[in-house]
Amino acid sequence: MNVRPSVFPGAIAAGSLQQLRHPSPLVHCLTNDVVQSFTANVLLALGASPAMVVDPAEAAQFSAVADALLVNVGTLTHPHADAMLAAIQAVNQAGKPWVLDPVAVGGLRWRTEFCLDIIKLKPAAIRGNASEIRALSGLSASGRGVDSGDDSLSALPAAQQLAHETGAIVAVTGETDYVTDGDRCWAVPGGHPMMTRVVGTGCALSAVVAAFIALPGDRLDNVAAACRVMSCAGERACATVKGPGSFTPEFLDNLYVMNGEWLNGETQP
Amino acid sequence: MNVRPSVFPGAIAAGSLQQLRHPSPLVHCLTNDVVQSFTANVLLALGASPAMVVDPAEAAQFSAVADALLVNVGTLTHPHADAMLAAIQAVNQAGKPWVLDPVAVGGLRWRTEFCLDIIKLKPAAIRGNASEIRALSGLSASGRGVDSGDDSLSALPAAQQLAHETGAIVAVTGETDYVTDGDRCWAVPGGHPMMTRVVGTGCALSAVVAAFIALPGDRLDNVAAACRVMSCAGERACATVKGPGSFTPEFLDNLYVMNGEWLNGETQP
Amino acid sequence: MNVRPSVFPGAIAAGSLQQLRHPSPLVHCLTNDVVQSFTANVLLALGASPAMVVDPAEAAQFSAVADALLVNVGTLTHPHADAMLAAIQAVNQAGKPWVLDPVAVGGLRWRTEFCLDIIKLKPAAIRGNASEIRALSGLSASGRGVDSGDDSLSALPAAQQLAHETGAIVAVTGETDYVTDGDRCWAVPGGHPMMTRVVGTGCALSAVVAAFIALPGDRLDNVAAACRVMSCAGERACATVKGPGSFTPEFLDNLYVMNGEWLNGETQP
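From a predicted model like this one, the values you see are computed outputs, not experimental measurements.

A. Examining the pairing of strand S2 (residues 26-30) of chain C more closely. Residues and elements named next belong to chain C. The element S2 is largely enclosed, with a buried count of 5 among its 5 residues. Where burial is concerned, the two faces of S2 agree: the one with Leu26, His28 and Leu30 and the one with Val27 and Cys29 are both buried. What joins S2 to strand S3 (residues 49-51) is helix H2 (residues 36-46), and the crossover it makes is right-handed. Here S2 pairs with strand S4 (residues 68-72) via 4 bridges, running parallel. Looking at the pairing, Leu30 lines up with Val71 of S4.

If you want it as structure tokens, here you go:
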């Protein structure tokens with residue numbers, strides 16, 4: 001790719017958000033222990049419905065009736081892995097989408113093998129930072145943990161390759177987020193460095209991606225809309241707070257009142 | 001029942017709250033992964049003492065010395081179920097009360113069977129939404145997850161039947177909460193729709209029910225007091241905040257300074 | 001000891017904090033389910049990097065590359081215990097420090113035996129309340145749970161004995177914190193009673209101890225610096241908030257902007 005991707009239009013994000021709120025999609029979250037409460041609160045603030053059902057048999061039963069499934073491997077254990085596999089099979093059978101957040105893949109062996117296995121099970125989207133997306137695509141990663149040592153634009157070729165291989169929409173997030181189906185690509189600017197000082201902003205974004213990908217319409221646009229809604233709420237919150245503690249309430253409030261004018265950039269925080 | 005239940009008097013709630021604060025009851029919480037921190041902070045703000053001890057042998061040892069036990073099946077796993085059974089046996093042997101929160105019962109098979117089994121072990125109280133209470137009482141439920149599709153008043157007959165069958169005080173919560181021992185019944189108004197956009201308000205209420213049911217006095221009144229304290233803190237918080245993010249700090253602050261005047265409705269937020 | 005320990009100088013705390021921020025230490029947290037999010041947010045606000053990796057094989061792999069390991073037994077289970085042992089062996093082999101938070105030790109049998117076993121594996125620091133430190137030192141404890149029935153000064157002899165036996169820096173925390181290597185001792189005043197009404201302030205302190213003990217320099221000073229940074233942020237937050245709900249955002253904001261002037265007591269909240 002020789003040209004920088006175009007900036008995702010706020011108007012499309014606004015349209016997706018309006019669809020999300022009526023009716024509210026039910027998102028089954030199999031996510032890590034650290035971010036469960038924040039993830040649920042982000043989805044609720046936006047108008048989606050979260051649920052966490054973790055026993056393998058119940059997870060399969062529940063995923064079949066949910067609108068989308070999130071699989072986040074941040075605190076993967078063997079019982080969690082069993083529940084994830086059962087839930088993925090259930091959503092695939094029910095024709096519902098699932099989203100992968102490959103936390104710290106590349107740096108840790110078992111979860112890397114696990115994620116390389118499950119991306120064969122047709123995720124509808126994959127959301128990770130540069131080093132995670134590189135690792136999944138088979139290119140080398142430099143991260144030693146959950147923070148990426150690479151910038152998101154440099155990982156865009158890896159994201160495109162991964163999208164081609166898996167059929168998933170791939171979002172590689174960082175200072176600017178890039179969202180691609182392998183051919184088309186959107187750049188989603190916004191956000192703020194302070195968001196990296198609050199645990200779970202990336203994990204919660206993956207849950208929001210799951211909520212938006214349950215909507216009808218173009219999946220590339222819907223994933224980009226999820227990224228833009230979160231970056232817009234974040235940049236507005238950071239403009240008014242004095243630190244990462246007061247960020248969280250302000251961010252959730254912004255998601256609750258998020259609107260087309262904000263997404264179109266017509267008003268300033 | 002041909003008449004609507006009477007509204008629970010604020011003065012009784014105020015009396016129960018005063019008792020709760022001296023001495024602070026120790027509540028053993030076996031609850032779901034999503035709400036553990038919020039549940040603990042709600043109990044601490046009110047003046048009760050939470051503890052979460054989850055290994056089956058330790059849970060039994062701890063429940064025997066706690067003042068009450070909460071069992072919430074939101075993220076039930078087989079190890080959790082073992083710990084719950086061991087803890088219930090220990091509290092029953094020690095003559096202490098336990099409270100059941102049957103999250104998503106009716107919609108999911110395994111937890112429904114588990115809860116139908118453990119309600120034979122004499123819970124002192126059961127707190128759920130309309131569809132959960134219906135499902136436990138043997139009447140059909142319409143919920144597909146943690147949100148109820150039924151309103152609370154229509155589930156009052158199911159609550160009364162469940163109270164008669166189990167000997168528990170049953171609280172069916174919604175826009176108005178109804179609390180019954182099968183014969184007598186209180187209506188507890190208050191709260192605010194925004195509370196449904198914050199994860200764990202219902203789960204935390206069940207923990208507060210466990211704290212109040214450890215008090216001496218009429219158990220029906222004490223359970224209604226728990227509902228009223230939470231609805232009062234919630235409606236006051238919602239009157240001043242702009243969204244579900246700023247709700248949480250304001251709600252906890254309100255619990256911390258909750259007082260008889262507020263419960264008696266003598267002051268406005 | 002016949003004299004009260006000297007008050008830890010703010011200037012040393014300021015020096016340690018400056019070191020902490022460049023480069024940010026990576027702290028592997030094997031901690032309890034209730035406080036994971038708050039612990040991560042405290043470390044991030046201060047400028048350290050948290051990560052929670054819980055599968056035993058991955059925990060061992062990860063601890064070998066982290067800068068320090070935290071072991072907190074608050075919600076100990078057998079799988080957690082396996083991960084903790086694997087991670088401790090890995091950090092010991094890699095020559096990195098690990099910190100023990102012996103939550104509720106003394107009151108509960110299995111975790112008491114487990115902690116008495118692992119303190120033979122050379123923790124760099126142990127942070128607990130008076131009853132927990134007494135229990136680990138072999139002196140009797142009066143706590144029935146996570147709250148201490150003893151005051152911290154009275155447990156200082158137990159802390160000194162434990163430091164001598166294990167080679168660890170021992171911090172016994174309470175209204176005033178005492179930090180000792182068995183011979184030398186610092187008193188760290190500050191904090192506020194409202195901090196006991198917020199879940200996880202002690203657990204998060206142990207994580208901050210792990211971050212500071214990864215720094216070069218005198219380990220006694222670094223552990224005392226961790227205690228002082230947290231007590232300073234807490235007392236400043238409590239001076240401006242109306243309850244434990246608004247405490248949490250304010251506390252995290254204070255950690256984010258914590259500075260030498262505050263630690264030296266040159267400015268007032």
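B. Main features of the UniProt feature "binding site: substrate" (unreviewed entry) in chain A. Within this structure's numbering, the places UniProt gives as "binding site: substrate" (unreviewed entry) are Met52(A) and Gly200(A). Not counting residues within four places of it along the chain, the set of residues in contact with Met52(A) comprises His28(A), Cys29(A), Gln36(A), Thr39(A), Ala40(A), Val34(B), Gly74(B) and Thr75(B). Turning to its location among the elements, Gly200(A) is positioned in the loop between strand S9 (185-188) and helix H8 (201-213). Beyond its immediate sequence surroundings of up to four residues, Gly200(A) is in contact with Val35(A) and Phe38(A).

C. Representation of the sheet that holds strand S5 (residues 98-101) of chain C in the model. Residue and element names in this part refer to chain C. Taken in spatial order, the 9 strands line up as S1-S9-S8-S7-S6-S5-S4-S2-S3 in an open sheet, and their pairing is mixed. At either end of the open sheet lies a strand with only one pairing partner, and these are strand S1 (6-7) and S3. Running at roughly 155° to S4, helix H4 (residues 78-94) makes contact with S2, S4 and S5 of the sheet. Packed onto the sheet, helix H9 (residues 219-238) meets strand S6 (125-128), strand S7 (169-172), strand S8 (177-180) and strand S9 (185-188) and runs at close to 5° relative to S9.

D. How the structure looks around the interface of chain C and chain A. Every contact between the two is made by 27 residues of chain C and, on the other side, 27 residues of chain A. Summed over both partners, the interface of chain C with chain A buries about 2,200 Å², with 54% contributed by carbon and sulfur atoms. Linking chain C with chain A are 2 salt bridges. As a salt-bridge pair, Arg111(A) and Glu58(C) come within 2.8 Å of each other at their nearest N and O atoms. Our enumeration of links across chain C and chain A arrives at 10 residue pairs in polar contact (both at pLDDT 80 or more). Only H2, S3, helix H3 (56-63) and helix H10 (244-257) of chain C provide two or more residues apiece to the side of chain C that touches chain A.

Basis of the calculations
Throughout, a residue's number is its position along its own chain's written sequence, starting from 1. All chains are assigned letters beginning with A, and all ligands numbers beginning with 1, in the order in which they are written. Only residues with pLDDT of at least 70 are given local features in this predicted model, and only at 80 or more are side-chain atom pairs given and counted; all residues enter the totals for whole chains, interfaces and linings. Just so you know, side-chain values use all the structure's heavy atoms and leave hydrogens and water out. Throughout this description, buried means an accessible area under 20% of the type-specific maximum (1.4 Å probe, protein chains only), exposed means over 50%, and partly exposed covers the range between. Helical segments are the DSSP runs of H or I of at least four residues, strand segments are the runs of E of at least two, and each set is numbered from the N terminus. The handedness of a crossover follows from its direction of travel: if, with the strands pointing away from the viewer, the path from the first strand over the helix to the second runs clockwise, the crossover is right-handed. Strand pairing is defined by DSSP finding a minimum of two bridges between the two strands. UniProt positions are given in the numbering used here, feature names are shortened, and annotations may be inferred rather than shown by experiment. When checking whether two residues touch, look at their non-hydrogen atoms; a contact exists if any pair is within 4.5 Å. Convention adopted: a line fitted to C-alpha atoms gives each axis, helices being fitted over their contacting stretch, and angles between N-to-C directions are expressed from 0 to 180 degrees. Buried area is calculated as the accessible area (1.4 Å probe) missing from two parts once they are joined, with the contributions of both summed. We define a salt bridge as a side-chain nitrogen of Lys or Arg found within 4 Å of a carboxyl oxygen belonging to Asp or Glu. As used in this structure description, the phrase polar contact means that two N or O atoms lie within 3.5 Å; if the pair is within protein, one of them must be able to donate a hydrogen and the other to accept it, and residues adjacent in sequence are counted only when both atoms belong to side chains.

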